[in-house]
Amino acid sequence: MTSPTTPVRVRYAPSPTGIPHIGNIRTALFCWILAQQTEGQFIVRIEDTDRSRYDADAEKAIFESLDWLGLSWNEGPGKGGPHAPYIQSERQQTYIDAALKLIEAGHAYFDDTTPEQLHALRERQRAAKQPPRYDGRGRHRSSDEIEESRKAGLPITVRLKVPEHGSVSFNDAVRGKITFEVKELDDFVILKSDEMPTYHLAHILDDHAMGVTHVIRGDEWISSTPRHLLIHQALGIEPPEYVHVPLILGKDKAKLSKRHGATSALEYRDLGFLPDAVFNFMCLLGWSPGDDIEVMSREEIVRRFSIDRINDSPATFDSEKLEWMNGVYIRNMDKDQLMSELLPFMERPEAEGGLPDSVARPIDRDYMRSLLPLVHERLKLLTEGTETLGFFFADNVNPSAEDLPGRKMDAAMTEQALEAALGLCKTASPFEPEHLEGEYRALAEKIEMKPGQLFSPIRVATTGKSFAPPLFDTMAAIGQNRCVERIESAIKILRSAAVTSDE
Ligand code: GLU
């Protein structure tokens, strides 16, 4: 199937049973893109008919994920729309009515088989090495028998009468024609004993009522599609176009799971990823524009997306690529944007990854702005601000005595380097990068050390780190007085370590 050109009506229909993972949100993303491209409608519908697995936090996370990724919906919870309500538990009566109609038309029946009887049936089948399947016994129950069971408080379900022979097929937009023999299927439940519909019945009624043109969903649903086609037939309605999108695997080719690291969109938000980068990365999970271009704006993605280029083989989730892409998006930001993205992370409490609690909030904006050019190119995650910029804000950096020596330097040589560095630090004027570099290079020559040997202990003394932005820019940004204090304190640390090791 070629990509639609007329306005689509597509829906994202999550079940609020767990925090939505990347693969699940990816279908929302594809829906959103297609709706934008064709100037159609993106519908959000909450499929909460499995009341035993309902999780309010999961429902909240669904909306938060959509908001964070900028996937705004035209119809759905919070927005309303012509087919409200968009929450299945609030549409229960329509499912009951449809199930009763199917019974009346002879396409479905009440079944009073108890869970214990079903269990015994499965055990018998297992013992006989037969595939477990419902044997259709409910087809022969009279309405009086069902009434009696109902009065006795037995659970009553409604099952679809699946034809005994024949096949059903559909044209999947990604995989082409798929055919199933119906004899593989048993009479399945469409209305449960709590009078809530199963997913199979509910989503079909809703998609139909809501005028959904394309059902975009994970390809784990392909095996259920014959059931869905049979329900359509029984209801006398046309199925939508099916677009089954491929599974997402980790780099080790195993199904993406917790083991591969973060798996939900919100975790990526908390790890310091930008929504635009995650959006860009996710659209490439199972789709490609057909050339090597990977970094694309939303507009470009919306313009170039096409169903024909959705892959039928599994997508690979490469978290290193996501990090790289995030770095590209960070580099493309201007200073003010970057600052407003970094600050919320840095201003969190220390225990949540923010700057030390001793650093006053709010952080000095002007100072922060002056520091950004030093780190902008190197940042990959917004959470890295605390680590890469923290020492500019901290009262002291407390390097350890072992970290202070540079390569091939002992404690005595390190102390000598720092003493010399301190003297110059006190007098250097102007305290500016270029001037400092000239002076310190001359000093290295004077005390007969390699520049690197002199600079390493200074770097660790002033920043607490062996890797930091260019040294003299960094020193100038820290400021002369604080550099003096930090070098003095590093010398003390070295000396007391020497005393301890002599004891
Ligand atoms: N509620 C189903 C799920 O969360 C929806 C599947 C579909 O899109 O039809 O997986």
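Small disclaimer: the values here were computed from a predicted structure and weren't measured. (Residues numbered from 1 in each chain as written. Predicted model: local features only at pLDDT ≥ 70, side-chain atom pairs only at ≥ 80, totals over all residues. Heavy atoms only, no water.)

Caption draft 1: Spotlight on the overall build of the protein chain. Helix and strand content of the protein chain: 19 helices and eleven strands. Against the globule reference of 23 Å for 503 residues, the protein chain gives a C-alpha radius of gyration of 32 Å, more extended than a compact globule. C-alpha atoms of the protein chain, sized along the principal axes, occupy 105 × 55 × 40 Å. Scored against the burial criterion, the 503 residues of the protein chain give a buried share of 49%. Across the protein chain, the fraction of contacts at a sequence separation of at least 24, relative to all contacts at a separation of at least 6, is 73%. Of the side chains in the protein chain, 59 bear a positive and 79 a negative charge, and the two mean positions are spaced by 4 Å. (Helix = DSSP H or I, 4+ residues; strand = E, 2+ residues; numbered from the N terminus. Rg over C-alpha atoms; globule rule 2.2 N^0.38 Å. Buried < 20%, exposed > 50% of the residue type's maximum accessible area, 1.4 Å probe, protein only. Contact = heavy atoms within 4.5 Å. Lys, Arg positive; Asp, Glu negative; His and termini not counted. Charge placed at Lys NZ, Arg CZ, Asp CG, Glu CD.)

Caption draft 2: Region of interest: helix α13 (residues 365–375). Along α13, the residues classified as buried are Tyr367, Met368, Leu371, Leu372, Leu374 and Val375. One face of α13 carries all of its buried residues, which in axial projection span an arc of 150°. Facing away from the buried side of α13, by more than 90 degrees, are the exposed residues Asp366 and Pro373. Its side-chain oxygen at 3.0 Å from the backbone nitrogen of Asp366, Asp364 defines the N-terminal cap of α13. (Arc of directions from axis to C-beta. Polar contact = N/O pair within 3.5 Å; in protein donor to acceptor, adjacent residues only side chain to side chain.)

Caption draft 3: Representation of the nonpolar core within the structure. Judged by nonpolar contacts, the single largest core of 116 residues is most densely connected at Phe42, Met368, Phe393, Tyr440, Leu454 and Met475. For this core, the leading source of residues is helix α1 (residues 22–37), giving ten residues. Not counting the four nearest positions on each side in its chain, Phe42 is found in contact with Val10, Arg11, Tyr12, Ala28, Cys31, Trp32, Ala35, Leu71, Ser72, Trp73, Asn74 and Glu75. In this structure, Tyr95, Ile96, Leu102 and Val168 belong to the second largest nonpolar core, which totals 33 residues. (Core = buried A, V, L, I, M, F, W, Y, C linked by side-chain atoms within 4.5 Å.)

Caption draft 4: Expanded view of the packing of helix α16 (residues 433–446) against helix α18 (residues 471–478). Close contact between α16 and α18 brings their axes to 8 Å; oriented N to C, the two are set at 120°. Taken as axis vectors, α16 and α18 run oblique relative to one another. Note on packing geometry: the crossing formed by α16 with α18 is right-handed. Contact residues: Pro433, Leu436, Glu437 and Tyr440 in α16; Phe472, Asp473, Met475 and Ala476 in α18. (Axes fitted to C-alpha atoms, helices over the stretch in contact; angles between N-to-C directions. Parallel < 35°, antiparallel > 145°, perpendicular 65-115°, else oblique. Left-handed = near helix turned anticlockwise from the far one by under 90°.)

Caption draft 5: Structural context of the site of the ligand. The environment of the ligand is formed by Arg11, Ala13, Pro14, Ser15, Glu47, Tyr199, Arg217 and Trp221. Here a nitrogen atom of the ligand sits 2.8 Å away from a polar atom, N or O, in the main chain of Ala13. Protein coverage of the free-state accessible area of the ligand, which is 300 Å², stands at 86%. Across the shell around the ligand, the residue classes break down as four nonpolar, one polar and three charged. (Near = heavy atom within 4 Å. Areas by Shrake-Rupley, 256 points an atom, 1.4 Å probe, with all protein chains shown as cover. Nonpolar A, V, L, I, M, F, W, Y, C, P; charged D, E, K, R; others polar.)

Caption draft 6: View of the pattern of salt bridges. For the structure shown, the criterion picks out 34 salt bridges. Ionic pairing is found between Arg53 and Asp50, a salt bridge with its closest N-O pair at 3.9 Å. Residue classification places Asp50 among the partly exposed positions, given a relative accessible area of 27%. Ionic pairing is found between Arg141 and Asp112, a salt bridge with its closest N-O pair at 2.9 Å. Placement of Arg141 in the loop between α4 (115–127) and α5 (143–151) and of Asp112 in the loop between β3 (108–111) and α4 is noted, with a sequence separation of 29 residues between them. Through salt bridges with shared partners, one network takes in Arg11, Arg45, Glu47, Arg91, Asp206 and Asp207. (Salt bridge = Lys/Arg side-chain N within 4 Å of Asp/Glu carboxyl O.)

Caption draft 7: Expanded view of the sheet that holds strand β7 (residues 189–191). Across the sheet, three strands lie side by side as β3-β4-β7; this open sheet has antiparallel pairing. The sheet terminates laterally at β3 and β7, the two strands that pair on one side only. Across the sheet, the axes of successive neighbouring strands diverge by a mean angle of 45°, strand direction being ignored. The sheet strands contacting helix α3 (residues 92–104) are β3, β4 (157–160) and β7, and the helix crosses β3 at an angle near 105°. (Pairing = 2+ DSSP bridges.)

Caption draft 8: Region of interest: the packing of aromatic side chains. Scanning all chains against the criterion turns up 13 aromatic pairs. Ring centres of Trp287 and Phe305 lie 5.2 Å apart, and the angle between their planes is 40°; this geometry places the pair in the tilted category. Placement of Trp287 in the loop between α9 (275–283) and α10 (298–304) and of Phe305 in the loop between α10 and β11 (315–316) is noted, with a sequence separation of 18 residues between them. Members of the aromatic cluster, joined through ring pairs, are Tyr268, Phe273, Phe281 and Phe317. The ring of Phe110 is capped by Arg150, whose NZ or CZ atom sits 5.1 Å from the centre of that ring. Above the plane of the ring of Tyr134 lies Arg159, whose end atom (NZ or CZ) is 3.5 Å from the centre. (Phe/Tyr/Trp six-rings, centres within 6.5 Å; stacked < 30°, edge-to-face > 60°. Lys NZ or Arg CZ within 6 Å of the ring centre and 35° of its normal.)

Caption draft 9: Structural context of the environment of Ala209. Position of Ala209 relative to the elements: it lies in helix α6 (residues 199–209). We classify Ala209 as partly exposed; its relative accessible area is 39%. With 126 residues separating them along the chain, Ala209 and His83 place their C-alpha atoms 7.4 Å apart. Setting aside anything within four residues of it in sequence, one finds Ala209 in contact with His83 and Arg91.

Caption draft 10: Up close: the state of the cysteines. Evaluation of the coordinates by the stated rule reveals zero disulfides. Of the cysteine sulfurs around Cys31, a residue in no disulfide, the closest is that of Cys283, at 14 Å. A relative accessible area of 0% places Cys31 in the buried class. (Disulfide = S-S within 2.5 Å.)

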